[in-house]
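# Reading the structure
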Amino acid sequence: MRVVIIGGTGRVGTFLVPRLVMDGYEVICVSRQKSKPYRSHSAWKFVTNVAIDRTKAEEKHLFGKQIAELNPDVIIDMICFTLGSAKCLAEALMGQIQHFLHCGTLWVHGHSERVPTRESQPRNPFGEYGIQKAAIESYLLSLSRRKGFPATILHPGHITGPGWVPINPAGNLDPGIFNRLAEGKEVVLPNIGMETVHHVHADDVAQAFVNAMDNWNQAVGESFHVASEQALTLRGYARAMAAWRGQEANLRFLPWEEWKKTVSREEADLTWDHIAHSTNASIEKAKEHLKYQPRYNSLQAVRESVKGLLSEYELKGRPS
């Protein structure tokens, strides 16, 4: 079976492509330029790489046609961020493929109201990213119901793994927080640290995509949350990361309006996005229908990422 992955050298693709190759799939990786995955694997020598600039191709109304010409049986789209992009691709592939898998986000739900949030709960997204992803989900599921388009949407949490900085206990990407926790230094968190983040290891997301393909009858026409077993509160996350390095967390809390003045505008904006969403998702549907079983809990996923950052960011200490 021929699988085309759009954006296959990214975080999830780094783990997904080797899984597919080892399962016997013929894999074609489409990306804007020849880029290396985050981790090397012998499976990549069996992958066909195709360079297509999606943005430019879509401007010329060619992208869907170019993907269709690759004769895929399955499409996995990791980098679709607008409804227009989704329509361009789906319309070109109508009636030509067996399965279309789209990578969404837990942020389609907007503010958490009842937790853990289930797929069946109403969508109230905010922010351009969440709004567009929710619109894509609605379009693809409607297309599946009305015209039989074989779409499945997977909504990951905060994707984490070796090679990049994970969302930290302050809800942003400052790697220095992990170092300060390791040294027992003060870390200031917004509000009272009870907002939540919900990580997922990139390989667990890859597992979910493969499982969705293997469970086609259960997957088509549905969306699924893909995350670790449990979300983390910011304060619980900070305390666990400090304890991992043999320290007791030295935490202080400030109201949001005061806290945001202690960091850069970029960090404050990112933190606000994460604490406003306070993602806390149920994965029971994916476990039941896709046989999804995350290998990593949130802290295990983060620790693997932080281990990989030790030398790059000169984070001190040697975790066990």
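Residues numbered from 1 in each chain as written. Predicted model: local features only at pLDDT ≥ 70, side-chain atom pairs only at ≥ 80, totals over all residues. Heavy atoms only, no water.

### Quick word on the packing of aromatic side chains
- Under the defined criterion, the tally for this structure stands at seven aromatic pairs.
- Where phenylalanine 81 meets tyrosine 129, the ring centres are 6.4 Å apart and the plane angle is 45°; that geometry is what we call tilted. Residue phenylalanine 81 is located in the loop between strand 4 (74-77) and helix 4 (83-93), and its partner tyrosine 129 is located in helix 5 (residues 128-147); the two are separated by 48 residues in the primary sequence.
- Residue tyrosine 129 is classed as partly exposed on the basis of its relative accessible area, which comes to 36%.
- Seen from their ring centres, phenylalanine 100 and phenylalanine 149 are 5.3 Å apart, and the 50° between their planes marks the pair as tilted. Here phenylalanine 100 is found in strand 5 (residues 99-103), whereas its partner phenylalanine 149 is found in the loop between helix 5 and strand 6 (151-156), with 49 residues between them in sequence.
- An aromatic cluster is built from Phe81, Trp107 and Tyr129, whose rings are joined through pairwise contacts.
- Over the ring of tryptophan 244 we find arginine 245; its NZ or CZ atom is 5.5 Å from the centre of that ring.
- For lysine 285, the ring lying beneath its charged end belongs to phenylalanine 224, and the centroid distance is 4.9 Å. (Phe/Tyr/Trp six-rings, centres within 6.5 Å; stacked < 30°, edge-to-face > 60°. Helix = DSSP H or I, 4+ residues; strand = E, 2+ residues; numbered from the N terminus. Buried < 20%, exposed > 50% of the residue type's maximum accessible area, 1.4 Å probe, protein only. Lys NZ or Arg CZ within 6 Å of the ring centre and 35° of its normal.)

### Overview of the environment of phenylalanine 15
- Tracing the backbone shows phenylalanine 15 in helix 1 (residues 13-22).
- Here phenylalanine 15 falls in the buried class, since its relative accessible area comes to 11%.
- Each C-alpha atom, one on phenylalanine 15 and one on leucine 270, is 26 Å from the other, the two residues being 255 residues apart in sequence.
- In contact with phenylalanine 15, other than residues within four places in its own chain, are Arg39, Pro162, His201, Ala202, Asp203 and Ala206. (Contact = heavy atoms within 4.5 Å.)

### Brief notes about the sheet that holds strand 6
- In space, the seven strands of this open sheet follow the order 3-2-1-4-5-6-11, with parallel pairing throughout. Each edge of the open sheet is held by one strand with a lone partner, namely strand 3 (48-51) and strand 11 (222-226). For this sheet the average axis-to-axis angle between neighbouring strands, irrespective of direction, equals 20°.
- In this sheet, strand 2 (residues 26-31) lies alongside strand 1 (residues 2-6) in parallel orientation, the contact comprising five bridges. Along strand 2, the bridge assignment pairs isoleucine 5 with cysteine 29.
- Lying on the sheet, helix 7 (residues 202-214) is in contact with strand 1, strand 4, strand 5, strand 6 and strand 11; it crosses strand 5 at an angle near 160°. (Pairing = 2+ DSSP bridges. Axes fitted to C-alpha atoms, helices over the stretch in contact; angles between N-to-C directions.)

### Details of unusual backbone geometry
- For the peptide bond that leads from valine 115 to proline 116, omega is -5°, which places it in the cis range.
- Positive phi values are uncommon outside glycine, yet asparagine 71 reaches one of about 55°.
- Take asparagine 71: it is sitting in the loop between helix 3 (63-68) and strand 4.
- We note that serine 278 has phi near 40°; this positive angle belongs to a residue other than glycine.

### Details of the packing of helix 9 (residues 234-244) against helix 13 (residues 298-309)
- Closest axis-to-axis distance for the helix 9/helix 13 pair is 11 Å, and the angle between their directions is 55°. Here helix 9 lies oblique to helix 13, going by the angle between them. Viewed along their axes, helix 9 and helix 13 form a crossing whose handedness is right-handed. Here helix 9 contributes Tyr237, Ala240, Met241 and Trp244 to the contact with helix 13, which in turn contributes Leu299, Val302, Arg303, Val306 and Lys307.
- Here the residues of the contact of helix 9 with helix 13 sort into seven nonpolar, no polar and two charged. (Parallel < 35°, antiparallel > 145°, perpendicular 65-115°, else oblique. Left-handed = near helix turned anticlockwise from the far one by under 90°. Nonpolar A, V, L, I, M, F, W, Y, C, P; charged D, E, K, R; others polar.)

### Examining helix 4
- Every buried residue of helix 4 is accounted for by Ser85, Ala86, Leu89, Ala90 and Leu93. Each buried residue of helix 4 lies within a common arc of 115° when the element is viewed along its axis, so the set occupies one face.
- The inward-facing, buried residues of helix 4 contact strand 1, helix 2 (54-59), helix 3, strand 4, strand 5 and helix 5. (Arc of directions from axis to C-beta.)

### A short note on the packing of helix 4 against helix 5
- It is the contact of helix 4 with helix 5, at a shortest axis distance of 9 Å, that shows an interaxial angle of 25°. Between helix 4 and helix 5, the crossing angle belongs to the class labelled roughly parallel. Considering the relative orientation of helix 4 and helix 5, their crossing is right-handed. In this structure, helix 4 contributes Leu83, Ala86, Lys87, Ala90 and Glu91 to the contact, and helix 5 contributes Gln132, Ala135, Ile136, Tyr139, Leu140 and Leu143.
- Looking at the contact of helix 4 with helix 5, its residues break down into eight nonpolar, one polar and two charged.

### Considerations on the side chain of glutamate 137
- Note on placement: glutamate 137 falls in helix 5.
- A relative accessible area of 5% means that glutamate 137 is categorised as buried.
- Excluding residues within four positions of it along the chain, glutamate 137 makes contact with Val108, Arg123, Ile153, His155 and Ser223.

### A few points about the nonpolar core
- By size, the foremost hydrophobic cluster in this structure holds 40 residues, and its most contacted members are Ile5, Leu16, Leu20, Ile76 and Phe209.
- Where this core is concerned, the elements lending two or more residues are strand 1, helix 1, strand 2, strand 4, strand 5, helix 7 and strand 11.
- Here this core takes eight residues from helix 7, the largest share from any one element.
- Among residues more than four places away in sequence, those in contact with isoleucine 5 are Leu16, Val17, Leu20, Val27, Ile28, Cys29, Val30, Ile76 and Met78.
- One finds Ala170, Val187, Ala242 and Val302 within the second-largest nonpolar core, a separate group that totals 27 residues. (Core = buried A, V, L, I, M, F, W, Y, C linked by side-chain atoms within 4.5 Å.)

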